[in-house]
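As a plain string of letters, each chain reads:
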Amino acid sequence: MTPITDDVSKLSSLKQNVPSDYEIPVSSIPKDVAGTCWVVLNIYPLEQSLRNLAGMFGAVSSNREQISVFISMLKSLRFTFNHEELEAAMQLFQCHYRERGLMSGLYFDYIKDILHAASQGTSGLPCKPPPCLNQHPSPGGQEEGRGSSWSIRAPWILVLIPFTACAVILLWLVRK
């Protein structure tokens, strides 16, 4: 039995209740990259995005209540998959996830597409990702080098600051 219910029809009223020019952030993988795993790989990020959206409405808001129905639907759908396989697939595809903002109309259409595809049973595991492409190449790997050298130096700097402060205080006391 599929966890997708006829509550999908409530998407149209929810779509009308959110301003059309409102951009909603979501992390996702395009269909052409994820292939048959498109639904599986996008369930959890969409669930998180809906949680963030629900948090923008008051506790007694009908929008929040409707959004919680879709969160529950996605959560139930996610539980139909093996947790370890799903997590492994998401990690394999990690480099293909893209943060983007969708205008509210497109966002709710995206939800509808995912739920429709899930109800058709067009998704499954295991998934094989295409090779990762470095979207933002850094010249000679300098960006990564700077980040890692900072993480190595940071603890030493944190130790150096109090030591320096103590030395300054001692010098000040000696001069008095």
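Our structure is the block above this text.
Below, the structure is looked at part by part. Model, not experiment: these values are computed from the prediction.

## Notes on the state of the cysteines
So, point 1. Counting across every chain of the model gives one disulfide.
So, point 2. Bridging C95 to C132, the disulfide has an S-S length of 1.7 Å. As the torsion about the S-S bond is roughly -80°, the C95-C132 disulfide counts as left-handed. Of this pair, C95 sits in the loop between α5 (83–92) and β2 (98–103) while C132 sits in the loop between α6 (104–120) and α7 (142–175), placing them 37 residues apart in sequence.

## What to know about α6
So, point 1. For α6, spanning 17 residues, the distance from its first C-alpha to its last is 24 Å, which sits close to the expected 24 Å at 1.5 Å a residue.
So, point 2. Of the positions making up α6, those classed as buried are S104, Y107, F108, Y110, I111, I114, L115, A117 and A118.
So, point 3. The elements touched by buried residues of α6 are α1 (11–17), β1 (23–28), α3 (38–54), α4 (62–78) and β2.
So, point 4. The first or second residue beyond α6 is G121, which carries a positive phi of 70°.

## Some details on the environment of E47
So, point 1. On the secondary structure map, E47 appears in helix α3.
So, point 2. Note on E47: relative accessible area 0%, which makes it buried.
So, point 3. Linking E47 and I111, residues 64 residues apart in sequence, is a C-alpha distance of 9.7 Å.
So, point 4. Here E47 is in contact with I71, L74, K75 and R78, once residues within four sequence places are set aside.

## Points about the packing of aromatic side chains
So, point 1. Taken as a whole and assessed by the stated rule, the structure comprises two aromatic pairs.
So, point 2. Both rings, one in W38 and one in Y110, keep their centres 6.1 Å apart while their planes meet at 75°; by these two values the pair is edge-to-face. Here the residue W38 occupies a position in helix α3, and Y110 occupies one in helix α6, the gap between them amounting to 72 residues. For the residue pair W38 and Y110, the accessibility class agrees, reading buried in each case.
So, point 3. Here Y107 and F108 contribute two aromatic rings whose centre-to-centre distance is 5.4 Å and whose plane-to-plane angle is 80°, an arrangement assigned as edge-to-face.
So, point 4. By relative accessible area, which is 0% here, Y107 ends up buried.
So, point 5. Judged by relative accessible area, which is 1%, F108 ranks as buried.

## A short note on the packing of α3 against α4
So, point 1. Remark: α3 packs on α4, axes separated minimally by 9 Å, with the N-to-C direction vectors making an angle of 155°. Considering their axes alone, α3 and α4 lie roughly antiparallel with respect to each other. In this structure, α3 meets α4 at a crossing whose hand is left-handed. Along its contact with α3, which presents V39, I43, Y44, L46, E47, L50, R51, L53 and A54, the element α4 presents R64, I67, F70, I71, L74, K75, L77 and R78.
So, point 2. Partitioning the contact of α3 with α4 into residue classes produces 12 nonpolar, no polar and five charged.

## Quick notes on the side chain of S28
So, point 1. Locating S28 in the fold gives a position in strand β1.
So, point 2. If near-sequence neighbours (up to four positions away) are discounted, S28 is found in contact with N42, H96, Y97, R98, R100 and Y110.

## A few points about the pattern of salt bridges
So, point 1. Under the counting rule described, the total for this entry stands at three salt bridges.
So, point 2. E47 is the salt-bridge partner of R51, the closest N and O atoms lying 2.8 Å from each other. Residue R51 and its partner E47 are located together in helix α3, separated by four residues, close to a single helical turn.
So, point 3. A residue is classified by how much of its surface remains accessible, and R51, at 35% relative accessible area, is partly exposed.
So, point 4. For E47, the salt bridge identified is with R78, shortest N-O distance 2.9 Å. Of the two residues, E47 sits in helix α3 while R78 sits in helix α4, which places them 31 residues apart along the sequence.
So, point 5. What makes R78 buried here is its relative accessible area of 14%.
So, point 6. It is possible to trace a salt-bridge network through shared partners that takes in E47, R51 and R78.

Parameters at a glance
- Residues numbered from 1 in each chain as written.
- Predicted model: local features only at pLDDT ≥ 70, side-chain atom pairs only at ≥ 80, totals over all residues.
- Heavy atoms only, no water.
- Disulfide = S-S within 2.5 Å.
- Helix = DSSP H or I, 4+ residues; strand = E, 2+ residues; numbered from the N terminus.
- Expected span 1.5 Å × (residues − 1).
- Buried < 20%, exposed > 50% of the residue type's maximum accessible area, 1.4 Å probe, protein only.
- Contact = heavy atoms within 4.5 Å.
- Phe/Tyr/Trp six-rings, centres within 6.5 Å; stacked < 30°, edge-to-face > 60°.
- Axes fitted to C-alpha atoms, helices over the stretch in contact; angles between N-to-C directions.
- Parallel < 35°, antiparallel > 145°, perpendicular 65-115°, else oblique.
- Left-handed = near helix turned anticlockwise from the far one by under 90°.
- Nonpolar A, V, L, I, M, F, W, Y, C, P; charged D, E, K, R; others polar.
- Salt bridge = Lys/Arg side-chain N within 4 Å of Asp/Glu carboxyl O.

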